[in-house]
Amino acid sequence: MKIRALAPAFLAAALLAQPALAADDGEQAFRSLFRELAETNTTLSSGDCTKAASQIAARLRAAGYPEKDVHLLVEPDHPREGSLVAILPGRDPSLKAILLLGHIDVVEAKREDWTRDPFAFIEEDGFFFGRGVADDKAQSAIFADSMIRLKSAKPLKRTVKLALTCGEETSGAFNGAQWLANNRRELIDAEFAMNEGGGGRVRPDGTPELLSMQVGEKHYQDFVLEVTNPGGHSSRPVPDNAIYHLAGALKAVEAHRFPVALNDTTRAFFLNASPMFPAPIRPHMAAISRNPGDENASAVLAMDPTLNAMLRTTCVATQVEAGHAQNALPQRARANVNCRIIPGETIEGTRAALEAVIANPKVKVSANDNRNPLATQPPLNDRILKPALALAERHFPGVPLLPMMSTGATDGPFLAAVGIPVYGVPGLLYEADGGGVHGLNERIRVKSVMDGRAYLHALLKAYADE
């Protein structure tokens, strides 16, 4: 599929005919909502998602939403990890809804490590600073703002639903998206969900470089490699050493390259994204899209960590512990190997591949329990792409829009597992260096937020009124 192919003339004309949004079209109200959300601490350790969800619920009620369409959901065992679901009924109840999915929890942040208070919403030098401003409170605030704006507008054909949840950032924590999918599936039922994970990227000077539509993601899976033996006195070393066995296993994992496994999304990416990469790489991107078995192209692309991660399942050692005393032979050596599994492959298949590569019966390979279901690839179709492309021409003229498979993880697989396809939509443009997401001094450009707000509002209306 040529991703720059545009929508049919009638659709493009209709979308492009929409009036441009004024710079002050509710911007101050949006800024107030975004500020309140960003300044509400929603970390797992000391924050309160329920408070943040309640604040947005209050804004929705003030905008005219009746109680029956605003649902604050709090599990008794997790009083600070509540979720919000809001519903805006459409004109045609026979059509399935569009779901807006966002997470309002954030990664931990220590004040002493940051230049600015991570829970003070600061605008400085053209950026918003604060924990979560990029991941995922900007988009969550935009989604909530759209629900407020749409309440006083002409009703759309389709119902629009908003789900703001807690627990995305912390593996093993209570997860609101998972709970909704398993316990209140009817409340979030939709044709598909608009989610984080897409967006785009700006150049260092702030000009837009690309837009991305996330269509699928890899599965997060940890494996434990473990060796045990009787040990003994370190003055009498023997070859059967648990640390040596583990070290050999980790070297084997390091050297192993899983086979290339392309899908519709990654094939389209490698075919269309080459102009944005250095000239020596471009022909290899085209070659791998035509022939995944091209070993020369695979070897060249594997040197780029991002491209390599999109080509195949990857596994990497992340933690090691071994030994019980400085003067004793180790009785146990253990390592964590984190794998990101390509959609269509399995946990057991990946475990078996690791065992085969290690080829040492003394090394036990086991899969950790994982809350996430295996990721499934949603369809890459015109229903999703064409409105996004047509609106990109209006809001970001000349900027390419590319389908991408996320090598990270979102809450999308929880919904996909119950039959709701999830797409990481374009619109918010992030820094090429990551903008401090999950790290220090998280930031996002003010212009990126405001441009993204306009684009995402128009995209939602296009999806819901088609």
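Residues numbered from 1 in each chain as written. Predicted model: local features only at pLDDT ≥ 70, side-chain atom pairs only at ≥ 80, totals over all residues. Heavy atoms only, no water.

1. Here we look at helix H7 (residues 264–272)
The criterion, for reference: A 1.4 Å probe rolled over the protein chains alone gives each residue an accessible area, and that area as a share of the maximum for its type sets the label: buried under 20%, exposed over 50%, partly exposed in between. Numbering of helices and strands runs from the N terminus, with a helix taken as a DSSP run of H or I at least four residues long and a strand as a DSSP run of E at least two residues long. Whether two residues touch is decided by their heavy atoms; if any such pair falls within 4.5 Å, the residues are in contact. Polar contact criterion, stated in full: a pair of N or O atoms within 3.5 Å, where within protein one must be able to donate a hydrogen and the other to accept it, and residues adjacent in sequence count only if both atoms are side-chain atoms.
Among all positions in H7, only Thr265, Thr266, Ala268, Phe269, Phe270 and Asn272 are buried. Elements that come into contact with the buried residues of H7 comprise strand S8 (208–217), helix H8 (282–290), helix H9 (295–301), helix H10 (305–311) and strand S15 (401–406). Measuring from the backbone nitrogen of Thr265 back to the side-chain oxygen at the start of H7 gives 3.0 Å, which picks out Asn263 as the cap.

2. Here's the deal with the side chain of Gln221
Considering the arrangement of structural elements, one finds Gln221 in strand S9 (residues 219–228). Within the structure, Gln221 has its side chain in polar contact with the side chain of His219 (distance 3.4 Å). Residues in contact with Gln221, not counting those within four places in the same chain, are Val337, Asn338, Cys339, Ile341, Ile347, Ala367, Asn368 and Asn370.

3. Regarding the pattern of salt bridges
Stated formally: Salt bridges are identified by distance alone: a Lys or Arg side-chain nitrogen within 4 Å of an Asp or Glu carboxyl oxygen.
Within the structure shown, the criterion is met by 29 salt bridges. The residue Arg131 makes a salt bridge to Glu442 at a minimum N-O spacing of 2.7 Å. On the criterion of sequence distance, the pair formed by Arg131 in the loop between strand S5 (127–129) and helix H4 (133–151) and Glu442 in the loop between strand S16 (422–431) and strand S17 (443–445) is long-range, its members being 311 residues apart. For Arg131, a relative accessible area of 2% puts it in the buried group. Between Arg334 and Glu226 there is a salt bridge whose closest N-O contact spans 2.6 Å. Of the two residues, Arg334 sits in strand S13 (residues 332–341) while Glu226 sits in strand S9, which places them 108 residues apart along the sequence. Look at Arg334 and you get partly exposed, because its relative accessible area is 28%. A residue is classified by how much of its surface remains accessible, and Glu226, at 16% relative accessible area, is buried. Ionic contacts of the salt-bridge type, sharing partners, join the residues Glu226, Glu321, Arg332 and Arg334 into one network.

4. Quick word on the sheet that holds S13
To keep it simple, the criterion reads: Strands qualify as paired when DSSP identifies two bridges or more between them. Helix axes are fitted to C-alpha atoms over the stretch in contact, other axes to C-alpha atoms as well, and angles between N-to-C directions run from 0 to 180 degrees.
Judged by pairing direction, the sheet is antiparallel, and its 4 strands sit side by side in the order S11-S13-S9-S14 without closing on themselves. The sheet terminates laterally at strand S11 (314–322) and strand S14 (364–367), the two strands that pair on one side only. Averaged over all neighbouring strand pairs, the angle between strand axes comes to 25°, with direction disregarded. The pairing of S11 with S13 spans 8 bridges and is antiparallel. The residue bridging Cys315 from the neighbouring strand is Cys339, located in S13.

5. Describing the state of the cysteines
The criterion, for reference: Here, a disulfide means two cysteine sulfur atoms that sit within 2.5 Å of each other.
Applying the stated criterion across every chain, the model contains 2 disulfides. Linked covalently through their sulfurs, Cys49 and Cys166 form a disulfide whose S-S length is 2.2 Å. Taking the torsion about the S-S bond as the criterion, the Cys49 to Cys166 disulfide, at about 65°, is right-handed. In this pair, Cys49 sits in helix H3 (residues 49–62) while Cys166 sits in the loop between strand S6 (160–165) and helix H5 (176–183), placing the two residues 117 residues apart along the sequence. Just as Cys49 is buried, Cys166 falls in that class too. Among the cysteines of the protein that take part in disulfides, numbered as they appear in the sequence, the pairing is 1-2, 3-4.

6. With respect to helix H2 (residues 27–38)
Our working rule: What a helix is expected to span follows from its residue count: subtract one and scale by 1.5 Å. Comment: arc refers to directions from the helix axis out to C-beta atoms.
End to end, H2 covers 16 Å across 12 residues, agreeing with the expected 16 Å (1.5 Å per residue, within 8%). The complete set of buried residues in H2 reads Glu27, Phe30, Leu33, Phe34, Leu37 and Ala38. Buried residues along H2 cover an arc of 125° about the axis, so they all sit on one side. Buried residues belonging to H2 abut H3, S5, H4 and helix H14 (446–465).

7. Observations concerning the side chain of Asp69
Summarising the element assignment, Asp69 is placed in the loop between H3 and strand S1 (70–73). Looking at Asp69, the relative accessible area reads 7%, which means it is buried. Setting aside residues up to four positions removed in sequence, Asp69 forms contacts with Val85, Ala86, Ile87 and Pro89.

8. Quick word on the packing of aromatic side chains
Defined as follows: Two aromatic rings from Phe, Tyr or Trp, using only the six-membered ring of Trp, form a pair when their centres are within 6.5 Å; if the ring planes differ by under 30 degrees the pair is stacked, by over 60 it is edge-to-face, and anything between is tilted. Working rule: Lys NZ or Arg CZ, within 6 Å of ring centre, within 35 degrees of ring normal, means a charge sits over the ring.
Under the definition given, this model contains 10 aromatic pairs. With 5.5 Å between their ring centres and 80° between their planes, Phe34 and Phe128 make a pair best called edge-to-face. Highlighted residues: Phe34 in helix H2 and Phe128 in strand S5, separated in sequence by 94 residues. Residue Phe34 shares its accessibility class with Phe128, and that shared class is buried. On the basis of an interplanar angle of 50° and a centroid distance of 6.0 Å, the ring pair of Phe127 and Phe129 is categorised as tilted. Taken as a pair, Phe127 and Phe129 share a single burial class, namely buried. Aromatic ring contacts, followed pair by pair, group Phe30, Phe34, Phe121 and Phe128 into a single cluster. The cationic tip of Arg116 hangs over the ring face of Phe129; the distance from NZ or CZ to the ring centre is 3.7 Å. Over the face of the ring belonging to Phe127 we find Arg443, whose NZ or CZ atom lies 5.7 Å from the ring centre.

9. Digging into the sheet that holds strand S4 (residues 122–124)
With antiparallel pairing, the 3 strands of this open sheet are ordered in space as S4-S5-S17. Pairing within the sheet leaves two strands with one partner each, and these edge strands are S4 and S17. Strand-to-strand, the axes of this sheet are offset by a mean angle of 25°, without reference to chain direction. In terms of strand pairing, S5 meets S17 through 3 bridges, oriented antiparallel. Within the sheet, the bridge partner assigned to Phe127 lies in S17 and is Arg445. Together, S5 and S17 form the strand contacts of H4, whose direction differs from that of S17 by roughly 50°. Helix-sheet contacts for H14 involve S4, S5 and S17, and the interaxial angle to S17 is about 65°.

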